[in-house]
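# A closer look at the structure
These are the residues of each chain, in order.
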Amino acid sequence: MEENRDDVNKEEYQVIQEKIVPQKKRNWKRFGKSLLRTALYALVFGIIAGAAIVLSGKFLIEKLGLENTLRQIVGIGNTTPTPILTKEPAPTEGQGPTKKPTGTGVPTPSVLVDITPEATPVITVTIDKDPDTTPDSGLVQSDTIQDFLNMYSGIAELSGNIKKSLVRITAITEGVDWFEEAYETTKNATGLYVGDNGVDMLFLVNLDSIEGATKFEVTFANGETLPCSIFSYDTNYRLAVMTIRLSSAGTIDSGALPKKARFAQDDVEVGIPVMVLGNPNGHLDAMELGMTTGAGQLVQVIDDEVLYFTTGITKYAEGDGFVFNLSGEVIGIVSRTLNKGESGVFTAAMVSGMRSIIEKTLNNVPRVYCGMRLEAVDAAMGGKYKLPEGVYVTEVMPASPAMAAGIKNGDIITVVGIEPVKEVRQFHEEISAVGEQSVRIIVSREIKGERKEQTLYMIPETRMH
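Okay, so let's go over this structure. (Residues numbered from 1 in each chain as written. Predicted model: local features only at pLDDT ≥ 70, side-chain atom pairs only at ≥ 80, totals over all residues. Heavy atoms only, no water.)

## Remarks on unusual backbone geometry
- Not every positive phi belongs to a glycine, and R238 is a case in point at roughly 60°.
- Given a relative accessible area of 14%, R238 falls into the buried group.
- At N364, a residue that is not glycine, the phi angle is positive and equals roughly 55°.
- Note that N364 resides in the loop between helix 4 (355-362) and strand 13 (367-369). (Buried < 20%, exposed > 50% of the residue type's maximum accessible area, 1.4 Å probe, protein only. Helix = DSSP H or I, 4+ residues; strand = E, 2+ residues; numbered from the N terminus.)

See below:
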């Protein structure tokens, strides 16, 4: 019995050993597989979730316009960019139509574009003097030639440094021909790098050179090309701003990235040497050297006027670019339209008189619109025709705020709000300060051969383009 009992116990022990010990090995293996599978699931889920967050975040930023909160205000000088609404609306007399402002003002910027000039290295050109050459030999003295060469080598060096702020913009127009075949036409424009707003690189372009195109590309100094897009434009002042995302520009070699341009503070004077850089003669990245021949000339645009100047540089029909002084500062934007029809020579809009306009375009700020073409009544005109001081209305646009207010061709605007106005630019500044609110306009109108004052009320609009 004992032997049987021992045998039974032995068998039971063996059974237990066979059942329990291998079972422990299988549990650890199963646990390891489960843990590995969970880790893989977590990794895949993390990748998918991260991608979804990034993509959805980018989608929401673009679709909801949240990227605007990331953009910084951009200026072109040491002064604060001009906001669209800078003061309270002028008080009015009597009852007139009212309209609440739409909040299109721009906050005072905390960050401006750094436009510190770069030092221009001096290049000295030397030539060997002929010891036999004397003033009596009838030949030009070597010292005179040396001065001439030094001057031009300095200009060439300055031109090379300025070109670092310029890029080539390729404007591509897509279409379909008579045979229903798709085609593309391209034309080149010059872009001026003015800095970034924290989200995009900003390039100022003449709207004349890119208008009507559907796709755009920027070519950098090393030949690399990236797609770009229109950020804002203004048909009144013929300006456009092209942008490239800073994240995209990170793929470009840092040595090929453009430098920020510097803008002149003072008005242009007659008789100063200037350079036109960009595409002034049909050749890309070219330069033309000349002198200003006229300055302070005015051309009327809607609700404002633009100062422009002329040069002695022969005009190329499709040429464009920017005009620089010999300090390397931008003084003008070559324009085909912002002039009074001068032909044969380059004309340019004076940037010193367009600072606030340029800054509003760079920051995509709407401008105030009344819908009139105006001209100042100077003392000579006023004395000859017995007209009061003010701004003469030469044209009222159809369906404009000015027409809705009852302003007519031939009226002379003498007061805006409570401020007497004598210049077109003064009228523009007063209206821009009011914004989309009712403002009193006093006009002098000829009625049956006599001029009489009339009080009107106008509500300006705001327009992006």
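## Focus on the side chain of D234
- One can find D234 in strand 5 (residues 225-234).
- For D234, a relative accessible area of 5% puts it in the buried group.
- In terms of polar contacts, D234 uses its side chain to reach the backbone amide nitrogen of Y237, at 3.3 Å. (Polar contact = N/O pair within 3.5 Å; in protein donor to acceptor, adjacent residues only side chain to side chain.)

## Description of the pattern of salt bridges
- This structure, assessed with the given rule, holds 13 salt bridges.
- A salt bridge links K215 to E184; the shortest N-O distance between them is 3.3 Å. Of this pair, K215 sits in strand 4 (residues 215-219) while E184 sits in strand 2 (residues 182-196), and the two are 31 residues apart along the sequence.
- In this structure K215 comes out as partly exposed when scored by relative accessible area, which is 36%.
- Between D304 and R425 there is a salt bridge, with the nearest N and O atoms lying 3.0 Å from each other. Note that D304 is positioned in strand 9 (residues 304-314) and R425 in helix 7 (residues 424-434), a separation of 121 residues in sequence.
- Owing to a relative accessible area of 0%, D304 belongs among the buried residues under this scheme.
- Residues joined in a network through salt bridges with shared partners are E174, E184 and K215. (Salt bridge = Lys/Arg side-chain N within 4 Å of Asp/Glu carboxyl O.)

## A closer look at the packing of aromatic side chains
- Per the stated rule, a full pass over the model turns up two aromatic pairs.
- Arranged with centres 4.9 Å apart and planes meeting at 50°, the rings of F148 and Y152 form a pair that is tilted. In this pair, F148 and Y152 are both assigned in helix 2 (residues 142-162), four residues apart and thus about one turn of the helix distant.
- Under the relative-accessibility criterion, F148 is labelled partly exposed at 49%.
- Measuring from centroid to centroid gives 5.4 Å for Y193 and F203, while their planes differ by 40°, and the two rings are tilted. Residue Y193 is found in strand 2, and its partner F203 is found in strand 3 (residues 200-206); the two are separated by 10 residues along the sequence. In terms of burial, Y193 and F203 fall into one category: buried.
- The residue whose ring lies beneath R463 is Y369, and the NZ or CZ to ring-centre distance is 3.7 Å. (Phe/Tyr/Trp six-rings, centres within 6.5 Å; stacked < 30°, edge-to-face > 60°. Lys NZ or Arg CZ within 6 Å of the ring centre and 35° of its normal.)

## What to know about the environment of L456
- Within the secondary structure layout, L456 lies in strand 19 (residues 450-458).
- For L456, a relative accessible area of 12% translates into the label buried.
- Between the C-alpha atom of L456 and that of V443, which follows or precedes it by 13 residues, the distance is 7.7 Å.
- Apart from residues no more than four positions distant in its own chain, L456 is found in contact with A405, G406, I407, V439, R440, I441, V443 and R445. (Contact = heavy atoms within 4.5 Å.)

## With respect to the sheet that holds strand 7 (residues 273-279)
- The six strands are arranged 7-8-9-12-11-10 in a closed barrel whose pairing can be described as antiparallel. Mean inter-strand twist for the sheet, computed between neighbouring axes without regard to direction, equals 40°.
- Pairing of strand 7 with strand 10 (residues 320-325) involves six bridges; the strand directions are antiparallel. Bridging across to strand 10, V274 finds its partner in N325.
- Across the face of the sheet, helix 2 comes into contact with strand 7, strand 8 (286-301) and strand 10 while running at roughly 45° to strand 7. (Pairing = 2+ DSSP bridges. Axes fitted to C-alpha atoms, helices over the stretch in contact; angles between N-to-C directions.)

## Let's talk about the pairing of strand 19
- As paired strands, strand 18 (residues 439-447) and strand 19 are joined by nine bridges and run antiparallel to one another. Bridging from a neighbouring strand, V443 pairs with Q454 of strand 19.
- Here strand 18 folds back onto strand 19 in antiparallel fashion, the turn holding two residues, of which K448 has a positive phi close to 55°.

## As for the nonpolar core
- L192, L204 and I358 are the most contacted members of the largest nonpolar core, which totals 33 residues.
- In this structure L204 touches T190, G191, L192, V194, L239, A240, V241, F322, I333 and I358, once residues within four positions along its chain are discounted. (Core = buried A, V, L, I, M, F, W, Y, C linked by side-chain atoms within 4.5 Å.)

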